[in-house]
Amino acid sequence: MDQSRVLLWVKAEPFIVGALQVPPPSKFSLHYLRKISTYVRTRATEGAYPRLYWSTWRHIACGKLQLAKDLAWLYFEIFDSLAVKTPEERLEWSEILSNCTSEDEVERQRNQLSVDTLQFLLFLYIQQLNKVSLRTSLIGEEWPSPRNRSQSPDLTEKSSCHNKNWNDYSHQTFVYDHLSDLLELLLDPEQLTASSHSTNSSLVSREAVVALSFLIEGAVRRTRKIYPLHELALWQPLHAESGFSKISKTFSFYKLEAWLRACLTGNPFGTSACLKSGKKLAWAHQVEGTTKRAKIACNTHVAPRMHRMVVMSQVYKQTLARSSDTLVGAHVKIHRCNESFIYLLSPLRSVTIEKCRNSTFVLGPVQTALHLQSCDNIKVIAVCHRLSISSTTGCIFHILTPTRPLILSGNHTVTFAPFHTHYPMLEDHMAKTGLATVPNYWDNPMIVCRENRDTNVFRLLPPCEFYIFIIPFEMEGDTTEIPGGLPSSYQKALGHREQKIHIWQKTVKEARLTKDQRKQFQVLVENKFYEWLINTGHLQQLDSLVPPAAGSKQAAG
């Protein structure tokens, strides 16, 4: 039978959102994960299998793997955020947490959470994606092989392997190279040898193949419908290839692995496909006197929900603003943008900002992860489920988030500040992504890197430096103020500043200037203001709000 009738590929989301951009704890090695795999099955009645409860994972992670409790929760929570849940369920969980009055109460609520055990083991294993390989760091990328010879087409035509989370060739190579390990991790203990390896007669349970659907999906050739891996593997015409036995209701390890290897191909909805054959968007304009050409591509015209992607590169010296169906629920990558103001005012699935400088990003609610990497002097304003940053310098984050911001490696002079803006559709977009105003951990970051636990890497913005941010576009909608309001010290600082303005206005009024004096005074104030606009860089922001062609309403497109 022709195996080519089925195409399988590695899903992007578990890697884009699920693989933390930091080398994993050494205890997430295959050796320890195999031990966990055996252990959970012997504790099935104690909340370990087929669902793993937080209390059991805490016991395994803290007691057996010697991880800190915060780190154990971090990985559990990241995996839980990938689970398919309705916005209402997510809002309900936020409400439960916000009603907790003590750490013990929070812990009691967490103890009721559980995740799919086998999928969680796979999730822990794929953290190896960002493991630092001594050989790779000495000689460069892995040895070339027939499967990864074609490199990912980066936006700047150079290798983009630094961020493996967005490189679908890295995902495919990782799963292909570690397929035996991934399958062995899912085997029942009795199917393994004493040294925890499979044999030619090992049988893979149906549950294990269902779990593998966390990483792999596919389609029947020449059809558009996407199926989880297990549905294709259990499809009657494919039993002979996938190795499924109706009698034992299990798969032959040997046949299943061979079938997976034969059918694995590139992700038709991955970054590479998006750049190569995605729809090019004319959202940015060419700036005079520069050779840099903005490139924006999306796959939303062909990709189903959860596979949508928008990739944006080299937006330079301009304001780009969009609230668009193209962005709704999309994974967004913003790459090498410089001296720009970018507003993406739609509910987003995830956002990665990489190698950008001297720019401001105002984002709609980000349902999963917002990650910054290798950025300098960036301001980010967003409501997001989780923020993580690595290798940033001089960046400021005005955020509203129900999880602790993650400071990964290589950051300098990080500033956290309260979320300080709104646009008319904001609360509606928050409801669609399941993000609430409480709890809000913007001011309680977690340093997740071995190199440096120095808390001096970040500061909280002093209230005297705090200003409200106004989004300068007209839109339909009901939100008229900052969701959740401002912390009292920042609200107080704004009040003092307003008081000073009133005093100033009163002083000017009481000075009883003549008409000529008023004109003279007006010119002085305007000159000073213009000077201030130039010195602060705000003049460019105002100038770039004027559209290149008359009559273009940017935000609405």
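Below you will find a few notes about this structure. Just so it is clear, the structure is predicted and the values come from calculations on it, not from any experiment. (Residues numbered from 1 in each chain as written. Predicted model: local features only at pLDDT ≥ 70, side-chain atom pairs only at ≥ 80, totals over all residues. Heavy atoms only, no water.)

What to know about the overall build of the protein chain
Okay, so step 1: Along its length, the protein chain carries 19 helices and 23 strands.
Okay, so step 2: The contacts of the protein chain with a sequence gap of at least 6 include a subset with a gap of at least 24, amounting to 57%.
Okay, so step 3: Surface accessibility of the protein chain: about 27,000 Å² in total, with carbon and sulfur atoms responsible for 53%. (Helix = DSSP H or I, 4+ residues; strand = E, 2+ residues; numbered from the N terminus. Contact = heavy atoms within 4.5 Å. Areas by Shrake-Rupley, 256 points an atom, 1.4 Å probe, with all protein chains shown as cover.)

With respect to the packing of aromatic side chains
Okay, so step 1: In this structure the tally under the stated criterion is 20 aromatic pairs.
Okay, so step 2: The aromatic ring of Tyr 32 is capped on one face by Lys 27, whose charged end is 5.4 Å from the ring centroid.
Okay, so step 3: Here the basic side chain of Arg 497 rests over the ring of Tyr 467, its NZ or CZ set 3.9 Å away from the ring centre. (Phe/Tyr/Trp six-rings, centres within 6.5 Å; stacked < 30°, edge-to-face > 60°. Lys NZ or Arg CZ within 6 Å of the ring centre and 35° of its normal.)

A short note on the sheet that holds strand β8 (residues 250-252)
Okay, so step 1: An order of β4-β8-β7 is seen for the three strands of this open sheet, with the pairing classed as antiparallel. Here the strands that pair on one side only, and so sit at the sheet edges, are β4 (203-205) and β7 (244-245).
Okay, so step 2: Here three bridges tie β4 to β8, and the two strands are oriented antiparallel to one another. Opposite Leu 203, over in β8, you have Ser 252 as the bridge partner.
Okay, so step 3: Running over the sheet, helix α14 (residues 253-263) touches β4 and β8 and is turned about 75° from β8. (Pairing = 2+ DSSP bridges. Axes fitted to C-alpha atoms, helices over the stretch in contact; angles between N-to-C directions.)

So, the packing of helix α3 (residues 54-64) against helix α4 (residues 69-82)
Okay, so step 1: Between α3 and α4, whose axes approach to 9 Å, the crossing angle comes to 130°. With respect to each other, α3 and α4 are oriented oblique. Here α3 and α4 pass one another in a crossing that is right-handed. On α4, the residues that touch Trp 54, Trp 57, Arg 58, Ala 61 and Cys 62 of α3 are Lys 69, Ala 72, Trp 73 and Phe 76. (Parallel < 35°, antiparallel > 145°, perpendicular 65-115°, else oblique. Left-handed = near helix turned anticlockwise from the far one by under 90°.)

As for the pairing of strand β21 (residues 414-418)
Okay, so step 1: Burial analysis of β21 places five of its five residues in the buried class, the great majority of the element.
Okay, so step 2: Burial of the side chains of β21 extends over both faces: Val 414, Phe 416 and Pro 418 are buried on one face and Thr 415 and Ala 417 on the other.
Okay, so step 3: Where strand β19 (residues 396-400) lies against β21, four bridges are found, and the strand directions are parallel. Pairing of Ile 396 across the sheet is with Thr 415, part of β21. (Buried < 20%, exposed > 50% of the residue type's maximum accessible area, 1.4 Å probe, protein only.)

Looking at the sheet that holds strand β6 (residues 227-228)
Okay, so step 1: Pairing within the open sheet is antiparallel, and its three strands lie in the order β1-β5-β6. Both edges of this open sheet fall to β1 (6-10) and β6, since each of them pairs with a single strand only.
Okay, so step 2: For β1 and strand β5 (residues 216-220), the ladder comprises five bridges, and the chain directions are antiparallel. Bridge pairing in β5 places Val 10 opposite Ile 216.

Considerations on α3
Okay, so step 1: All of the buried residues in α3 are Trp 54, Thr 56, Trp 57, Ile 60 and Ala 61. Seen from one end, α3 has its buried residues packed into an arc of 165°, which puts them on one side.
Okay, so step 2: Turning to α3, the residues buried within the fold contact α2 (30-42), β2 (51-53), α4, α6 (103-110) and α7 (117-125).
Okay, so step 3: One or two positions beyond α3, positive phi appears at Gln 66, with a value near 60°. (Arc of directions from axis to C-beta.)

Concerning the environment of Leu 344
Okay, so step 1: Tracing the backbone through its elements, the reader meets Leu 344 in strand β14 (residues 341-344).
Okay, so step 2: Expressed as a C-alpha distance, the spacing of Leu 344 and Gly 364, which sit 20 residues apart in the sequence, is 6.0 Å.
Okay, so step 3: The residues contacting Leu 344, other than those within four sequence positions of it, are Met 312, Leu 320, Arg 322, Leu 327, Val 332, Ile 334, Val 362, Leu 363 and Gly 364.

Overview of unusual backbone geometry
Okay, so step 1: Following Tyr 49, the chain continues to Pro 50 via a peptide bond in cis, the omega torsion being 5°.
Okay, so step 2: Its place among the elements puts Pro 50 in the loop between α2 and β2.
Okay, so step 3: Here the residue pair Val 438 and Pro 439 is connected by a cis peptide bond, since its omega of -5° sits within 30 degrees of zero.
Okay, so step 4: Looking at the secondary structure, you find Pro 439 in the loop between α16 (426-433) and β22 (446-447).

A short note on the packing of α2 against α3
Okay, so step 1: As a packed pair, α2 and α3 sit with axes 12 Å apart at the nearest point and diverge in direction by 135°. When the axes of α2 and α3 are compared, the pair comes out oblique. Relative to α3, α2 is oriented so that their crossing is right-handed. Residues Ile 36, Tyr 39 and Val 40 of α2 form the contact with α3, whose participating residues are Trp 57, His 59, Ile 60 and Lys 64.
Okay, so step 2: Of the residues that constitute the contact of α2 with α3, the class distribution is five nonpolar, one polar and one charged. (Nonpolar A, V, L, I, M, F, W, Y, C, P; charged D, E, K, R; others polar.)

Considering a negative patch on the surface
Okay, so step 1: Taken together, the side chains of Glu 88, Glu 89, Glu 92 and Glu 95 define an acidic patch exposed on the protein surface.
Okay, so step 2: Assignment of secondary structure puts Glu 95 in helix α5 (residues 87-98).
Okay, so step 3: A relative accessible area of 51% places Glu 95 in the exposed class. (Patch = residues over 30% accessible without salt bridge, like charges linked within 9 Å, V, L, I, M, F, W, Y side chains within 5 Å. Salt bridge = Lys/Arg side-chain N within 4 Å of Asp/Glu carboxyl O. Lys, Arg positive; Asp, Glu negative; His and termini not counted. Charge placed at Lys NZ, Arg CZ, Asp CG, Glu CD.)

What about the pairing of β5?
Okay, so step 1: A large share of β5 lies buried, amounting to five of its five residues.
Okay, so step 2: Side chains Ile 216, Gly 218 and Val 220 project from β5 onto one buried face, and the interleaved Glu 217 and Ala 219 project onto a second face that is buried too.
Okay, so step 3: Across two bridges, β5 lies against β6 in antiparallel orientation. Paired with Gly 218 across the two strands is Tyr 227, which belongs to β6.
Okay, so step 4: Hairpin geometry of β5 and β6 is characterised by an intervening segment of six residues between the two adjacent antiparallel strands and by a positive phi of about 65° at Arg 222.

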